[in-house]
Amino acid sequence: MKLFPAKNYILELSDNSSKILVDLKQSTLLSDSLISKWTKKTFIGQVSDDGFKLISSDIERGGVFCVLEGEVKNKSILLQIRMHKVFQFLTAILMLMPILGIGIVTYQNGFSDSIRIIITMFVALLILRFLIIEQAFKFVSKRSLMKLENVTDKSKRVKNEVQQNL
């Protein structure tokens, strides 16, 4: 089991890739950094001749939480959706706090006196990872994928590869 979720897709395109990339450039606020900004465009990020790296511009719904990285080949897009590195860093810090708490409580009270607190903190870690992070990722990645499919002219999702975790 890995710490941060990611999903891989293959999108079959109805048009040629150059038209899709032009449409994607038109609906993207081109920026070197993946930082959320107020814009009327659908995405923020980078689009090149052979791929893209984007975040959704939907600030209210956590669009910056997921990064869409795609590589365009012939009539398909190899797409990976993963958590933004900033959120990975902040989440890792948040997950370290209960671990540090376990260490401090165990050091002060001894292992046998700290069993209940250790179990509580371990359950808190599991809830954070498998409920909060996983559900937020599912919600935001699904919305971002739908936006990308709309921009790429209703491309057909051929394959949802096995969910990989980074």
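Above this text sits the structure in question.
This one's a predicted model, so the numbers in the text were calculated from it and none came from an experiment.

1. Considering the overall build of the protein chain
Counting secondary structure elements, the protein chain contains three helices and eight strands. In sequence order, the protein chain lays out its α and β elements as β-α-β-β-β-β-β-α-α-β-β. Here the C-alpha atoms of the protein chain give a radius of gyration of 20 Å, more than 25% beyond the 15 Å that 2.2 N^0.38 yields for 166 residues. The C-alpha extent of the protein chain, read off along each of the three principal axes, is 65 × 30 × 20 Å.

2. Describing helix H2 (residues 85–109)
Under the 1.5 Å per step criterion, the end-to-end length of H2 is 36 Å for 25 residues, consistent within 8% with the ideal 36 Å. By the burial criterion, the buried members of H2 are Gln 88, Thr 91, Met 95, Pro 98, Gly 101, Ile 102 and Val 105. On the buried face of H2, the contacting elements are strand S6 (76–83) and helix H3 (115–151). Immediately downstream of H2, the backbone of Gly 110 shows phi near 85°, a positive value.

3. Considering the pairing of S6
On any regular strand, side chains alternate: one points to one face of the sheet, the next to the other face. Most of S6 sits inside the fold, with seven of its eight residues counted as buried. Judged from the seven bridges that link them, strand S1 (residues 5–12) and S6 form a sheet pairing that is antiparallel. Its bridge partner being in S6, Leu 11 is matched across the sheet by Ile 77. Hairpin connection, strand S5 (residues 66–73) to S6: the antiparallel pair is bridged by two residues, and Asn 74 has positive phi, about 50°.

4. Here we look at the side chain of Ser 76
Its location among the elements puts Ser 76 in strand S6. In contact with Ser 76, not counting residues within four places along its chain, are Ile 10, Leu 11, Glu 12, Leu 13 and Glu 71.

5. As for the nonpolar core
In terms of nonpolar packing, the biggest core is built from 28 residues, with Leu 24, Phe 52, Ile 77, Leu 79, Ile 81 and Leu 148 touching the most fellow members. With sequence-adjacent residues up to four places away left out, Ile 81 is seen in contact with Ala 6, Lys 7, Tyr 9, Cys 66, Val 67, Leu 68, Phe 137, Ser 141 and Leu 145. Residues Leu 34, Ile 44, Ile 55 and Val 64 belong to the second largest nonpolar core, which totals five residues.

Quick notes on the rules
- Residue positions are given per chain, counting from 1 as you read along its sequence in written order.
- Two thresholds apply to this predicted model, a pLDDT of at least 70 for residue-level local features and 80 or more for giving and counting side-chain atom pairs, whereas whole-chain, interface and lining totals are computed over all residues.
- Excluded from the side-chain calculation are hydrogens and water; included are all heavy atoms of the structure.
- Each helix corresponds to a stretch of at least 4 residues labelled H or I by DSSP, and each strand to a stretch of at least 2 residues labelled E; elements are numbered beginning at the N terminus.
- Radius of gyration here is computed from C-alpha atoms only, and the compact-globule reference equals 2.2 Å multiplied by the residue count raised to the power 0.38.
- Here the expected span of a helix is defined as 1.5 Å times the quantity of residues minus one.
- Summary of the burial criterion: residues with accessible area below 20% of their type's maximum are buried, those above 50% are exposed, and those between are partly exposed, where the area comes from a 1.4 Å probe applied to protein chains only.
- In what follows, a contact means two residues having at least one pair of non-hydrogen atoms within 4.5 Å.
- Any two strands are treated as partners once DSSP identifies two or more bridges connecting them.
- We define the nonpolar core as a collection of buried residues of types Ala, Val, Leu, Ile, Met, Phe, Trp, Tyr and Cys that are connected through side-chain atoms lying within 4.5 Å of one another.

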